[in-house]
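Structural description and commentary
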Amino acid sequence: MPRVRMTGKQRREQLLDIGRSLFAERGYEATSIEEIAARANVSKPVVYEHFGGKEGLYAVVVDREMRQLLDTVTGALTSGHPRILLEQAALALLTYIETQTDGFRILVRDSPVTSATGNFSSLIGDIASQVEYILAAKFKAQSYDPKLATLYSHALVGMVALTGQWWLEARRPKKEEVAAHLVNLAWNGLSNLEKKPRLRGRR
């Protein structure tokens with residue numbers, strides 16, 4: 001039976017899917033153009049034609065994952081109450097980790113290719129800037145210095161992201177419970193921790 005020829009767009013998507021899977025499984029350095037081409041059942045020049053090489057393919061994969069995660073988190077911020085917004089952000093990140101495990105594995109790995117703009121640190125910065133406006137309003141209402149909202153937003157998002165890296169492998173407790181404990185720490189502080197925190201925005 002003759003093989004159906006893919007369109008350029010279909011081939012590009014196939015190579016992106018294969019690259020995403022291999023980068024997640026082995027990391028950037030351990031993944032080769034030869035292996036990507038072999039899995040796609042094409043020659044190496046086909047990969048070069050679409051992406052210019054492994055760096056180009058990796059950059060597109062990382063960019064897609066960053067946009068998806070950022071859209072997932074910012075799209076979840078629908079409540080007007082600051083605590084519920086924090087719950088929504090934490091739960092959105094954990095949901096992304098749960099459903100897009102390969103993508104998250106790629107994002108948390110350091111890569112020499114995208115160290116300037118496309119790494120996990122810059123993504124954390126993007127998400128923190130979304131959270132910052134929530135905190136700025138809260139700080140202003142309580143007579144705190146709104147300029148400190150930047151510091152606190154990075155601290156909060158960093159806390160959730162690092163916990164997410166741990167939870168990526170642990171997967172226990174359930175994501176709702178992890179989110180509740182994260183918000184408990186963020187909202188109440190160590191001196192006012194609730195013994196059995198729960199998410200207030202979910203019934």
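Scroll up a little and you will see the structure.
Residues numbered from 1 in each chain as written. Predicted model: local features only at pLDDT ≥ 70, side-chain atom pairs only at ≥ 80, totals over all residues. Heavy atoms only, no water.

Moving on to the environment of S191. As for its position among the elements, S191 is in the segment after α9 (175–188). Of the residues examined, S191 reaches a relative accessible area of 69% and is grouped as exposed. Separated by 55 residues in the primary sequence, S191 and A136 have C-alpha atoms spaced 23 Å apart. (Helix = DSSP H or I, 4+ residues; strand = E, 2+ residues; numbered from the N terminus. Buried < 20%, exposed > 50% of the residue type's maximum accessible area, 1.4 Å probe, protein only.)

Once that is clear, we can look at empty space enclosed by the protein. The tally for this structure, following the rule as stated, stands at one cavity of 30 Å³ or more. Of the pockets and cavities examined, the largest cavity occupies roughly 150 Å³. Lining the largest cavity are 14 residues, with L86, A89, A90, L156 and V160 sitting closest to its centre. Taken together, the elements giving at least two residues each to the lining of the largest cavity come down to α5 (82–99), α7 (120–141), α8 (149–170) and α9. (1 Å grid on protein atoms, 1.4 Å probe; cavity = no way out; pocket = protein on both sides within 12 Å on 5 of 7 lines; lining within 4 Å. Points joined across faces, edges and corners; volume = space filled by probe spheres on them.)

A separate point is the environment of R20. Among the structural elements, R20 can be located in helix α1 (residues 8–26). Judged by relative accessible area, which is 19%, R20 ranks as buried. Distance from R20 to E65, taken between C-alpha atoms, is 9.5 Å for residues 45 residues apart in sequence. Here R20 is in contact with V61, E65, Q100, D102, G103 and I106, once residues within four sequence places are set aside. A polar contact is formed between the side chain of R20 and the side chain of E65, at a distance of 2.5 Å. (Contact = heavy atoms within 4.5 Å. Polar contact = N/O pair within 3.5 Å; in protein donor to acceptor, adjacent residues only side chain to side chain.)

Let's shift gears to the pattern of salt bridges. One pass over the full model with this rule turns up 11 salt bridges. A single salt-bridge network, built from bridges that share partners, covers E25, R26, E35 and R39. (Salt bridge = Lys/Arg side-chain N within 4 Å of Asp/Glu carboxyl O.)

Before going further, it helps to examine α1. With 19 residues, α1 extends 26 Å between its outermost C-alpha atoms, agreeing within 8% with the 27 Å of an ideal straight helix rising 1.5 Å per residue. Where α1 is concerned, the buried positions are R11, Q14, L15, L16, I18, G19, R20, L22, F23 and A24. The elements touched by buried residues of α1 are α2 (33–40), α3 (44–51), α4 (54–76) and α6 (101–108). Note on α1: the residue one or two positions beyond its end, G27, has a positive phi of about 90°. (Expected span 1.5 Å × (residues − 1).)

Relative to each other, α4 and α5 sit at 145°, their axes nearing to 8 Å. Considering how the two elements wind past one another, α4 and α5 form a crossing that is right-handed. Here α4 contributes E65, Q68, L69, T72, V73 and A76 to the contact with α5, which in turn contributes Q88, A89, A92, L93 and Y96. Taken together, the residues that form the contact of α4 with α5 break down as seven nonpolar, three polar and one charged. (Axes fitted to C-alpha atoms, helices over the stretch in contact; angles between N-to-C directions. Left-handed = near helix turned anticlockwise from the far one by under 90°. Nonpolar A, V, L, I, M, F, W, Y, C, P; charged D, E, K, R; others polar.)

Applying the stated criterion across every chain yields a total of four aromatic pairs. A ring pair is formed by F23 and Y58, whose centres lie 4.9 Å apart and whose planes are at 85°; its orientation type is edge-to-face. Here F23 is found in helix α1, whereas its partner Y58 is found in helix α4, with 35 residues between them in sequence. Judged by relative accessible area, F23 falls into the buried class, the value being 1%. Here a set of aromatic residues connected by ring pairs shows up, and it is made of F23, Y28 and Y58. Above the ring of Y28, the side-chain terminus of K54 is found at 4.3 Å from the ring centroid. (Phe/Tyr/Trp six-rings, centres within 6.5 Å; stacked < 30°, edge-to-face > 60°. Lys NZ or Arg CZ within 6 Å of the ring centre and 35° of its normal.)

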